Amino acid sequence: MEAAGTVAAGTVEAVPGRELTALGAGPRGGRDRVREAREGLRGYGLIVTMWIRSTMTYRASFALAAFGNAAITLLDFVAIFIMFSHVDALGGFTLPEIALLYGSCSASLGLADLLMGNTDRIGARIRDGSLDTMLVRPVPVLAQVAADRFALRRLGRVLQGLGVLGWAVWTLDVDWTAGKVLMVPVMIVAGAAIFAAVMVTGAAFQFIAGDAAEVQNSFTYGGCTMLQYPPTVFGKDLLRGVTFIVPLAFVNWLPALYVLGRPDPLGLPGWVAYLSPLVAFVVFLPASLAWRAGVRSYRSTGS
């Protein structure tokens, strides 16, 4: 019988077990991997449901927290709106066009933060040894880490991002085709998946660094702040980096340029915008491998 972890002499060492194969680790077949992934989603859902029921016990507090979360994040767009009271365009982009960038990025990051945002706490769990308890539960560790202390108030960021996005779509003078209409929801979902992959990679890095939550946040929150502005205001080297190295450009820049009918500053063809879902899948592969390697290398604090 496989064990989730081995406790001996104050040390917990992760052993390839059921909780480590939810994303396909270990020498298991495809059917076993699907079953493990299904169990992981079920465990994630149960933990999330528990936290939601706890949150909704105090509904007024939840409503205020969600409103506060939305209001605070909306201040970023208010700053952009005030800036456009003095200029007509930024990098050749009008206010509704930048609102498209802002709304899509904010909604994508908000969705990823809602579902996976708690992964940045893995460093604290490694330091205090509380990760040990997760290793001996019959639920994938990643599912437990992501669902732990599920903060439904983060839904406020998603809603305010969708609100700004809706205003942008309504205001923009765009020749809406079926492909462009479909691109908007695909952009949000694929962007959330890319941000989630970055979060998992950052969490895996914390097994080595001990606590690198701010490094992770620099690529997620910092990346979203960058993506709120048009790519034309940045240098070509930066654009190449966020396109081919850390593919944040596929979150909203490339899809939005397609929707707006604008050329890509790097000269990429328009059909590249449709690769966002594929890019999200591709970046999840090294992220999942890094996570499994991190869990297997974990050693308990002994406390």
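Residues numbered from 1 in each chain as written. Predicted model: local features only at pLDDT ≥ 70, side-chain atom pairs only at ≥ 80, totals over all residues. Heavy atoms only, no water.

Enquirer: It is not clear to me how the packing of helix H8 (residues 178-209) against helix H9 (residues 213-227) should be interpreted in this structure. Could you clarify?
Expert: Between two packed helices, the angle of one axis relative to the other and the distance separating the axes together describe the packing. In the contact formed by H8 and H9, the axes pass within 8 Å of each other and the chain directions differ by 160 degrees. Between H8 and H9, the interaxial angle falls into the category roughly antiparallel. Between H8 and H9 lies a crossing whose hand is right-handed. In this structure, H8 contributes Phe195, Val198, Met199, Gly202, Ala203 and Gln206 to the contact, and H9 contributes Ala213, Gln216, Phe219, Thr220, Cys224 and Leu227. Looking at the contact of H8 with H9 residue by residue, the class counts come to eight nonpolar, four polar and no charged. (Axes fitted to C-alpha atoms, helices over the stretch in contact; angles between N-to-C directions. Helix = DSSP H or I, 4+ residues; strand = E, 2+ residues; numbered from the N terminus. Parallel < 35°, antiparallel > 145°, perpendicular 65-115°, else oblique. Left-handed = near helix turned anticlockwise from the far one by under 90°. Contact = heavy atoms within 4.5 Å. Nonpolar A, V, L, I, M, F, W, Y, C, P; charged D, E, K, R; others polar.)

Enquirer: Where do I start with the environment of Gly179 in this structure?
Expert: Relative to the assigned elements, Gly179 resides in helix H8. Taking C-alpha positions, Gly179 is 9.5 Å from Tyr258, a pair spaced 79 residues apart along the chain. Leaving out residues up to four positions away in the same chain, Gly179 has contacts with Tyr258 and Tyr274.

Enquirer: Is there a simple way to think about helix H10 (residues 236-245) in this case?
Expert: Along an α-helix, residues three or four positions apart point the same way, because every turn accommodates 3.6 residues. Leu239, Gly241, Val242 and Thr243 are the residues of H10 that are buried. Where H10 is buried, its residues meet H9 and helix H11 (253-260). (Buried < 20%, exposed > 50% of the residue type's maximum accessible area, 1.4 Å probe, protein only.)

Enquirer: Is there a simple way to think about the layout of surface pockets in this case?
Expert: To find the voids left in a structure, one rolls a probe of water-molecule size over its atoms. Taken as a whole, the second largest pocket spans an internal volume of roughly 310 Å³. Of all the elements in the fold, those that place two or more residues in the lining of the second largest pocket are H8, H9 and helix H12 (276-296). Of the residues contributing to the lining of the second largest pocket, the split by class is 13 nonpolar, three polar and no charged. (1 Å grid on protein atoms, 1.4 Å probe; cavity = no way out; pocket = protein on both sides within 12 Å on 5 of 7 lines; lining within 4 Å. Points joined across faces, edges and corners; volume = space filled by probe spheres on them.)

Enquirer: Quick question: what am I supposed to make of the state of the cysteines here?
Expert: Taken as a whole and judged by the stated rule, the model has one disulfide. Paired through a disulfide, Cys105 and Cys224 show a sulfur-sulfur distance of 2.5 Å. Placement of Cys105 in helix H3 (residues 95-116) and of Cys224 in helix H9 is noted, with a sequence separation of 119 residues between them. Across the pair, Cys224 and Cys105 agree in class, each one buried. (Disulfide = S-S within 2.5 Å.)

Enquirer: I keep staring at the nonpolar core and nothing clicks. Help me out?
Expert: Taken as a class, soluble globular proteins show a tendency for nonpolar side chains to be buried jointly. Counting 79 residues, the largest nonpolar core has Leu131, Phe195 and Trp291 as its most contacted members. The element best represented in this core is H8, accounting for 15 residues. (Core = buried A, V, L, I, M, F, W, Y, C linked by side-chain atoms within 4.5 Å.)

Enquirer: When you look at the side chain of Gln144 in this model, what are you seeing that I'm missing?
Expert: By the element assignment, Gln144 lies in helix H6 (residues 141-147). Residues contacting Gln144, with those up to four places away along its chain left out, are Ile47, Met134, Arg137 and Val139.

Enquirer: Got a minute to help me understand the pattern of salt bridges in this structure?
Expert: A side chain with one charge can pair with a side chain of the opposite charge if their charged atoms come near. One pass over the full model with this rule turns up four salt bridges. The residue Glu97 makes a salt bridge to Arg262 at a minimum N-O spacing of 3.1 Å. Of this pair, Glu97 sits in helix H3 while Arg262 sits in the loop between H11 and H12, and the two are 165 residues apart along the sequence. Assessed through its relative accessible area of 10%, Glu97 is described here as buried. You can call Arg262 partly exposed: its relative accessible area is 28%. A salt bridge links Arg240 to Asp237; its shortest N-O distance comes to 3.1 Å. A residue pair is termed a helical-turn pair when its members lie 3 or 4 positions apart in one helix, as Arg240 and Asp237 do in helix H10 at three residues. A residue is classified by how much of its surface remains accessible, and Arg240, at 40% relative accessible area, is partly exposed. We classify Asp237 as exposed; its relative accessible area is 64%. (Salt bridge = Lys/Arg side-chain N within 4 Å of Asp/Glu carboxyl O.)

Enquirer: Would you take a moment to explain the environment of Ser300 for this structure?
Expert: With respect to the element layout, Ser300 can be found in the segment after H12. Sequence-wise, Ser300 and Arg127 are 173 residues apart; in three dimensions their C-alpha atoms are separated by 8.7 Å.

Enquirer: Where do I start with empty space enclosed by the protein in this structure?
Expert: Within the structure shown, the criterion is met by one cavity of 30 Å³ or more. Approximately 40 Å³ is the volume found for the largest cavity. Where the lining of the largest cavity is concerned, the elements lending two or more residues are H10 and H11. Within the lining of the largest cavity, the residues separate by chemical class into seven nonpolar, one polar and one charged.

Enquirer: I tried to follow the environment of Leu289 on my own but got confused; where do I start?
Expert: Along the chain, Leu289 turns up in helix H12. Accessibility expressed as a relative area gives 51% for Leu289, which makes it exposed. Placed 88 residues apart in sequence, Leu289 and Thr201 show a C-alpha to C-alpha distance of 9.0 Å.

As far as function goes, none of this settles anything; it's purely spatial.
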